[in-house]
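A structural walkthrough
Chain by chain, the residues run as shown.
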Amino acid sequence: MKTGLRSLVLLSLTFNLIAGTSGGIQPRRSGADYPQYEAKNGITLGVALLTPEQVRGNFVSDLNRGFLVVEVAVFPDKGKSIDLSHSDFLLRSRTKELVGRPADPKAIAASLQRAASSDRDVMLYPSATIGYESGPPYYDPVTGTRRGGGVYTGVGVGVGMGRSGAGATDQDRRTMELELTEKGLPEGIASKAVSGYLYFSLKERKKGETYHLEFTAVGEPIVLPVQPDKTKR
């Protein structure tokens, strides 16, 4: 960014804490609503890759600093259940080279905190609030969240200049960790559809590189390419 006087810009994002769940986002209607999906051994897996623009629109945490974000949904067949764990997922490049398993929100937040504290020009100022949104709940396909009808947390981030230490505090880190945890794919026993994000660390995001997500918890692995959702939802 250019030097000189800069006004403080406040950016805000709202995400829900849905009662009775351990986080995540509202699943789409079926696996077929995702760019890639497959049914095998009693479940249907749907995946979609978030573009950098979608990442900026859905998160206040700057995940474009070295992370790939994949939306994942699991639909157990009627009468079936599955024990979900982030460790059941692997990301590979098109050459089948292992990129890694999903990164832990706590580790991601610490990494982003260090990045913010080392940036000479742009500093982040995360904050959190709690409120209540009235009205009947509905699914927002743009953000992939359920809006209305419940308690929500508001997460914001300010952008400013200089090395004031803002954006590098423990409270900043906890705020980012909260957002990433709440939007992450829920873990544990799932007997109905669940959805959320997985975050994969990338040393370098190569232009034109493609990736495959491998799910290993259902006997024979499900392997799907991760592609952006190009349809207008």
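My aim in this report is to walk through the structure given alongside it, one point at a time. (Residues numbered from 1 in each chain as written. Predicted model: local features only at pLDDT ≥ 70, side-chain atom pairs only at ≥ 80, totals over all residues. Heavy atoms only, no water.)

1. Regarding the nonpolar core
Worth spelling out the cut-off: Residues enter a nonpolar core if they are buried and are Ala, Val, Leu, Ile, Met, Phe, Trp, Tyr or Cys, with the set joined through side-chain atoms within 4.5 Å. Each residue gets one of three labels from its accessible area relative to the maximum for its type: buried under 20%, exposed over 50%, partly exposed in between, using a 1.4 Å probe on protein chains only. In DSSP terms, a helix is any run of H or I states spanning at least four residues, a strand is any run of E spanning at least two, and both are numbered starting from the N terminus. What makes two residues a contact is simply this: any of their non-hydrogen atoms within 4.5 Å.
Ranked by internal contacts, the top residues of the largest apolar core, which has 25 residues, are Leu45, Val72, Leu213 and Phe215. Listed by contribution, the elements that provide at least two residues to this core are strand 3 (43-49), strand 4 (67-76), strand 5 (82-84), strand 6 (89-93), strand 13 (194-201), strand 14 (211-215) and strand 15 (222-226). With residues up to four places along the chain from it excluded, the contact list for Phe215 reads Ile43, Leu45, Ile82, Leu84, Asp88, Phe89, Pro221 and Ile222. Ile25, Leu63, Ala109 and Leu112 belong to the second largest nonpolar core, which has 15 residues in total.

2. Points about the sheet that holds strand 4
Here is the rule: Strands are treated as partners if at least two bridges between them are detected by DSSP. Interaxial angle, 0 to 180 degrees, is taken between N-to-C directions of lines fitted to C-alpha atoms, where a helix line uses only the stretch in contact.
Judged by pairing direction, the sheet is antiparallel, and its four strands sit side by side in the order 2-3-4-13 without closing on themselves. Each edge of the open sheet is held by one strand with a lone partner, namely strand 2 (36-40) and strand 13. Pairwise comparison of adjacent strand axes, ignoring direction, gives a mean angle of 20 degrees for this sheet. Note that strand 2 and strand 3 share five bridges and pair antiparallel. Along strand 3, the bridge assignment pairs Tyr37 with Gly46.

3. Topic: the packing of aromatic side chains
Keep this limit in mind: Centre distance within 6.5 Å is the pairing criterion for rings of Phe, Tyr and Trp, where only the six-membered ring of Trp is used; planes under 30 degrees apart are then read as stacked, over 60 as edge-to-face, and the remainder as tilted.
Scanning all chains against the criterion turns up four aromatic pairs. Note on Phe59 and Tyr197: the rings are 5.2 Å apart at their centroids and 65 degrees apart in plane angle, and the pair reads as edge-to-face. Placement of Phe59 in the loop between helix 1 (52-58) and strand 4 and of Tyr197 in strand 13 is noted, with a sequence separation of 138 residues between them. Take Phe59 and Tyr197: they sit in the same class, and that class is buried. Plain terms: the ring middles of Phe89 and Phe215 are 4.6 Å apart, the flat faces sit at 25 degrees to each other, and that makes the pair stacked. In this pair, Phe89 sits in strand 6 while Phe215 sits in strand 14, placing the two residues 126 residues apart along the sequence.

4. Here we look at the pairing of strand 15
In strand 15, alternate side chains face the same way, and those of Ile222, Leu224 and Val226 are buried while those of Val223 and Pro225 on the opposite face are not. Summarising the sheet, strand 14 and strand 15 pair through five bridges and their orientation is antiparallel. Within strand 15, the residue paired with Tyr211 across the bridge is Val226. What sits between the antiparallel neighbours strand 14 and strand 15 is a turn of six residues, in which Gly219 has the positive phi angle 80 degrees.

5. Here we look at the environment of Ser85
With respect to the helices, strands and loops of the structure, Ser85 is situated in the loop between strand 5 and strand 6. A sequence separation of 100 residues divides Ser85 from Leu185, and the C-alpha atoms of the two residues are 8.8 Å apart.

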